[in-house]
Amino acid sequence: MPTDRLRVDVAGRTLELSNLDKILYPKAGFTKGEVIDYYTRISPVLLPHLCDRALTRIRYPNGVEGNSFFEKNAPAATPSWVHVETLPAPGSTKGRESIDYVVADDLPTLVWLANLAALELHTPQWKVGGHPDLMVVDLDPGPPATLRQCCQVALLLRDRLAADGVDSYPKTSGKKGMQLCCPIAGTQSADDVTGYARRIAQELEREHPKLIVSKMAKNLRPGKVFIDWSQNNAAKTTVAPYSLRAQPVPSVSAPLTWDEVEAGAAGKRPSTRPYTAGEVLDRVEEHGDLLAPLREPGRALPE
C-alpha cells in the first residue's frame, strides 16, 4: 500500500484514508488529517443534525485556496454501506429528474466524506419524506454592518417569534453572519414556512428600517442586516451546525447562547472573528449541544 494511504477501522467499517498531511487551510497549516480528526471528535453532536437529511457537500480537493465544487449526487465509488436516497430534483441545472443524495447518519460516512475533502456540509430544512421541521432565517450584514448588528437583529427576531410561540436558537454562519434556527411541527409546506418567515422579516423591516432589510436587492443592504427568509425554500440548504467553512482558518458554524448574542449586540461578544474547530470542540465540552432542542418537535407556525 502506498505510504500516503492508511487503512483504518471506523465503527466496524474499513476505510482507506489518503494524503493526511495535505494542507487544506494553508494560512492555518490545517491538514486533511486534522479535518478528519475534527469531524470524528465533533460527530456526537453533528450527526443528529445530519441524520435523515439529504446532504449537499462543498468539496475542496486542493484546499480552501484551490477550486471547489458543490456535490449533491453520490460520487462514483460510493461504498455500498453509505445511506443513499434517490429524490426528485426539480429545477436541476443539469436537467436531472432525480438525485442520489448521500445521507450522513453514521461516523464512517462522515469520515469517508472528510477524506474526500468535503469541508462544508449543507442540509435542507426537511427530513427525507417529510415536511419542513425547521425554519431557518439567515442574517447577512451588509458592510459596514457587522456581527454586532446581526446580534441586534437576532434579539428582535427572537422576541417577535416568541410572541407567536416559536422558539429560536442562534448560531454563527462561520463567516460574517449568523442564523436563527427554529424547530417547527413538520406539518406545513415549504411555501407556508417561507411565507411566514417573509412576513416576519417585512414586519421587522418596517419597524427598524435603518437596521433591517428584507428585500433581496444587494444595493439596499449596505449598513443593514438582510433577513434572508428564502432559506426555507424547498430547494435551499443551510450550512449544518458544526460544519467547517472554507475560510482562511478552519472556522465553524457554531451554536451560541442567547447570553452571548446579547453581549454581541452590546459590542462585547461574540467577536467578529468566527470560532475555529478547536474552539468549537472546547465549547461542546463546556455546553454540550446548544442546538439539541432542534431535534424535538416544535409548534406549527401561525397562518
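Before reading on, note that the structure itself is shown above.
Computed from a predicted model, the values in this text were never measured in an experiment.

A. Expanded view of the state of the cysteines. Taken as a whole and assessed by the stated rule, the structure comprises zero disulfides. Cysteine cysteine 51 shares no disulfide, and the gap to the nearest cysteine sulfur, in cysteine 181, comes to 17 Å. Assessed through its relative accessible area of 26%, cysteine 51 is described here as partly exposed. Cysteine 181 gets classed as buried once you look at its relative accessible area, which sits at 4%.

B. Local environment of the sheet that holds strand S15 (residues 238–239). Here four strands make up an open sheet; going across it, the order is S6-S5-S9-S15 and the pairing antiparallel. Unpaired on one side and paired on the other, strand S6 (69–71) and S15 mark the two borders of the sheet. Strand direction decides the pairing type here: strand S9 (residues 118–123) and S15, joined by two bridges, are antiparallel. Note on S15: the bridge partner recorded for histidine 122 is valine 239.

C. Fine view of the environment of serine 98. Tracing the chain through its elements places serine 98 in strand S8 (residues 98–103). By relative accessible area, which is 35% here, serine 98 ends up partly exposed. Distance from serine 98 to threonine 86, taken between C-alpha atoms, is 6.4 Å for residues twelve residues apart in sequence. Every residue in contact with serine 98, bar those within four places of it in the chain, is listed here: Thr86, Leu87, Pro88 and Ala89.

Criteria and thresholds
Residues numbered from 1 in each chain as written. Predicted model: local features only at pLDDT ≥ 70, side-chain atom pairs only at ≥ 80, totals over all residues. Heavy atoms only, no water. Disulfide = S-S within 2.5 Å. Buried < 20%, exposed > 50% of the residue type's maximum accessible area, 1.4 Å probe, protein only. Pairing = 2+ DSSP bridges. Helix = DSSP H or I, 4+ residues; strand = E, 2+ residues; numbered from the N terminus. Contact = heavy atoms within 4.5 Å.

Any link to function would need more than the numbers given here.
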